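Chains, contacts and geometry: an overview
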Amino acid sequence: MTTIVTPCELTRKAIKWISEKRLETGRELPSLLEEAAMRFNLSPKDMEFMERFYAENSADTPDCD
């Protein structure tokens with residue numbers, strides 16, 4: 001049985017993944033955003049949100065559980 005994941009959940013998972021990868025690998029944010037877009041099938045609107053999210057919160061990394 002296939003589970004349907006809401007767009008909001010995909011965005012949350014993408015932010016968590018990006019945060020983890022930044023800590024683990026030290027990769028630059030633009031390349032991680034691009035990979036997350038493909039990996040989590042994010043829409044252009046989701047990508048705009050994430051770019052804004054990281055621009056506004058560039059000083060601190062989101063705390064993901």
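Our subject is the structure that appears above.
What you see is a predicted model, and the numbers here were worked out from it, not measured in a lab. (Residues numbered from 1 in each chain as written. Predicted model: local features only at pLDDT ≥ 70, side-chain atom pairs only at ≥ 80, totals over all residues. Heavy atoms only, no water.)

**What to know about the overall build of the chain**
Definition in use: Secondary structure elements follow DSSP: runs of H or I no shorter than four residues count as helices, runs of E no shorter than two count as strands, and numbering proceeds from the N terminus. Burial classes: relative accessible area under 20% of the type maximum marks a residue as buried, over 50% as exposed, and values in between as partly exposed (1.4 Å probe, protein chains only). Residues are treated as being in contact if the distance between any of their heavy atoms lies within 4.5 Å. For the area figures, the Shrake-Rupley method with a 1.4 Å probe applies, and any residue is considered shielded solely by the protein chains shown.
If you tally the helices and strands in the chain, you get three helices and zero strands. Ordered by position from the N terminus, the helices and strands of the chain form the series α-α-α. The buried share of the chain, reckoned over its 65 residues, is 28%. In the chain, of all internal contacts separated by at least 6 residues, the share reaching a separation of at least 24 is 51%. When the accessible surface of the chain is split by element, carbon and sulfur atoms take 53% of a total near 5000 Å².

**Describing the nonpolar core**
The nonpolar side chains of soluble globular proteins are, as a tendency, buried together. Applied cut-off: Put simply, buried Ala, Val, Leu, Ile, Met, Phe, Trp, Tyr and Cys residues joined by side-chain atoms within 4.5 Å make one nonpolar core.
Core analysis: the largest hydrophobic core is formed by 15 residues, its most contacted members being I18, L33, M50 and Y54. Elements supplying a minimum of two residues to this core: helix 1 (7-25), helix 2 (29-39) and helix 3 (44-56). Residue contributions to this core peak at five residues, all from helix 2. Not counting residues within four places of it along the chain, the set of residues in contact with I18 comprises L29, L32, L33, A36, M50 and Y54.

**Remarks on helix 2**
Just so we agree on the cut-off: Throughout, the arc means that of the directions going from the helix axis to the C-beta atoms.
Every buried residue belonging to helix 2 is among L29, L32, L33, A36 and A37, and all of these are buried. The buried residues of helix 2 occupy an angular sector of 140 degrees when projected down its axis, which confines them to one face. The exposed residues of helix 2 that point more than 90 degrees off its buried face are P30, E34 and M38. Those residues of helix 2 that are buried lie in contact with helix 1 and helix 3. Just downstream of helix 2, N41 is the residue with a positive phi angle, here 50 degrees.

**A look at the packing of aromatic side chains**
Any two aromatic rings considered together are summarised by their centre-to-centre distance and by the angle between their planes. Heads up, the condition is: Stacked, edge-to-face and tilted labels apply to pairs of Phe, Tyr and Trp rings (six-membered ring for Trp) whose centres lie within 6.5 Å, assigned for plane angles under 30 degrees, over 60, and everything in between, in that order.
Enumeration according to the criterion identifies three aromatic pairs in this entry. These aromatic residues form a ring-pair network of at least three members: F49, F53 and Y54.

**Quick notes on the pattern of salt bridges**
Basically, it comes down to this: Here a salt bridge means any side-chain nitrogen of Lys or Arg lying within 4 Å of a carboxyl oxygen belonging to Asp or Glu.
If you walk through the whole model with that rule in mind, you get four salt bridges. Of the charged contacts, one joins E24 and K21 as a salt bridge, the two residues approaching to 3.6 Å between their closest N and O atoms. Here E24 pairs with K21, and both are found in helix 1, just three residues apart, close to one helical turn. When the shortest N-O distance is used, the salt bridge between R39 and E35 registers 2.9 Å.

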